[in-house]
Amino acid sequence: MNQNWHGTLIRHMLLLITGCLVVGLISGHYGWSLAIGLGLYLAWTLKQLLRLHAWLSKHKADEPPPDGYGLWGEVFDSIYHLQRRDQRVRGRLQAVIDRVQESTAALRDAVIMLDSEGNLEWWNRAAETLMGLKTPQDSGQPVTNLVRHPRFKEYFAQENYQEPLEIPSPTNDRMRIQMLITRYGNNEHLMLVRDVTRIHQLEQMRKDFVANVSHELRTPLTVIFGYLETLLDNVEEVNPRWVRALQQMHQQGGRMQTLLNDLLLLAKLEATDYPSDNQPVVVSTLLQTITSDAQALSGNKNQQINLDIEGSARLKGSETELRSAFSNLIFNAVKYTPAEGKIHIRWWTDAKGAHLSVKDSGIGIETKHLPRLTERFYRVDSSRASNTGGTGLGLAIVKHVLLRHRGTLEISSVMGKGSVFTCHFAAVQLSNV
Ligand code: ADP
């Protein structure tokens, strides 16, 4: 195998030439014998080449190469060994691919591969049960033709897949699926889908429980509150020792009522995806009324409240919901800004959409609290809440209302200097009617 073929070849050639010269010496035709000798050698070499070509083009798998002599035999064997090694490597690779495919096929979560246009390329078995994809008919179909939920179409088109999307399964309305899309390679999409019915049901139970408790508590509380008001109206008939207690009960009863109303509003907001009364809302008028309410709330704190409105575009949505979101932000600015402070409310539209910013020169919020501020009952300082009479639900309501109006909330704040709460609404929410 490791023979020095270079030397052997030279020796063979020398032998052939010497042979030809000897024949030439005997016959007296040096030229002819040399030409015939070399011609025969060339013919033999060509024959070997043709045999190699025939074997390469026609041989079946595992068929050994034809027997060859000398260097040609070595070439045949080397090619054969290379082929065998290549086959072994391919076999190993195929085994790895098979294992990966088997394990993804056995996954309970659906894995779907889409090309850059969003057409289906490959999916596992779970995708058939969770998404109703059919093998092989659906191959090459756009995914938006098969999953027709409007929220999915919107989610897929916006190309921002940071948050997962939860929708009912196309195969079964009672099943909830959560989708997560990741882009890879040449803008292809990898879609992971899992069944979140159980989590959704638990979440639903929690929402229903809170909504039912709030609803059930409302009637007894109204009765108690009503009696307290009657007693306080006739305060002269009440034993003076009880007056203070009654006043405190009345105040706390009022707080409980606001809390229940906020909880019920949140439950209502969570019950559906989009507001039912989707009408173009004249935000300028809405903000003017809220600003005058804010002036009243500010009372004798002598705060400077400015309203700045640019553009006349209307916002599609529910006026009631927007009123409660905007007033929560504006009333918070009044509550958390000391006397003589400044509050600047600005509404403007640009190419990106519409924006509302509420800027105050109040106490500010520490940066570490900002990400958790919109959680229910999250308070920066719990002792502060009782002074302001807040429920801790205001910003949670704002967040939900914005979600339903394709909006986002941005909060920035500097301790002791003030805060800016900005709502950004997508341009599609604007209406020029
Ligand atoms: P609350 O009903 O207690 O005001 P919110 O959900 O409206 O509840 O606000 C949550 C917390 O965020 C508040 O307790 C308050 O500490 C803080 N906060 C909200 N708005 C402002 C603001 N403009 N300036 C300073 N702190 C604020």
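Structural notes, computed from the coordinates.

Reading the values: the criteria
Residues numbered from 1 in each chain as written. Predicted model: local features only at pLDDT ≥ 70, side-chain atom pairs only at ≥ 80, totals over all residues. Heavy atoms only, no water. Helix = DSSP H or I, 4+ residues; strand = E, 2+ residues; numbered from the N terminus. Expected span 1.5 Å × (residues − 1). Bend = angle between axes of the 7 residues up to and from the residue. Buried < 20%, exposed > 50% of the residue type's maximum accessible area, 1.4 Å probe, protein only. Contact = heavy atoms within 4.5 Å. Axes fitted to C-alpha atoms, helices over the stretch in contact; angles between N-to-C directions. Parallel < 35°, antiparallel > 145°, perpendicular 65-115°, else oblique. Left-handed = near helix turned anticlockwise from the far one by under 90°. Nonpolar A, V, L, I, M, F, W, Y, C, P; charged D, E, K, R; others polar.

**Concerning helix α7 (residues 197-233)**
In an α-helix there are 3.6 residues to a turn, and that puts residues three or four apart on one side. The terminal C-alpha atoms of α7, which comprises 37 residues, lie 53 Å apart, in line with the 54 Å expected from a rise of 1.5 Å per residue. Of all the bends in α7, the greatest, near 30 degrees, is centred on Arg-218, and the proline Pro-220 appears no more than four residues after it. Buried within α7 we find Thr-197, Lys-207, Ala-211, Ser-214, Leu-221, Phe-225, Leu-228 and Leu-232. Close packing links the buried residues of α7 with β4 (176-184), β5 (188-195) and α8 (240-271).

**A closer look at the packing of helix α2 (residues 30-58) against helix α3 (residues 70-106)**
It is the contact of α2 with α3, at a shortest axis distance of 11 Å, that shows an interaxial angle of 15 degrees. Here α3 runs roughly parallel to α2, going by the angle between their axes. The crossing of α2 and α3 is right-handed. Facing α2, whose interface residues are Trp-44, Thr-45, Gln-48, Leu-49, Arg-51, Leu-52, Trp-55 and Leu-56, α3 presents Trp-72, Val-75, Phe-76, Ile-79, Tyr-80 and Gln-83. Looking at the contact of α2 with α3, its residues break down into ten nonpolar, three polar and one charged.

**A short note on the side chain of Asn-332**
Tracing the backbone through its elements, the reader meets Asn-332 in helix α10 (residues 319-335). If sequence neighbours within four positions are ignored, Asn-332 has contacts with Ser-327 and Leu-395.

Any link to function would need more than the numbers given here.
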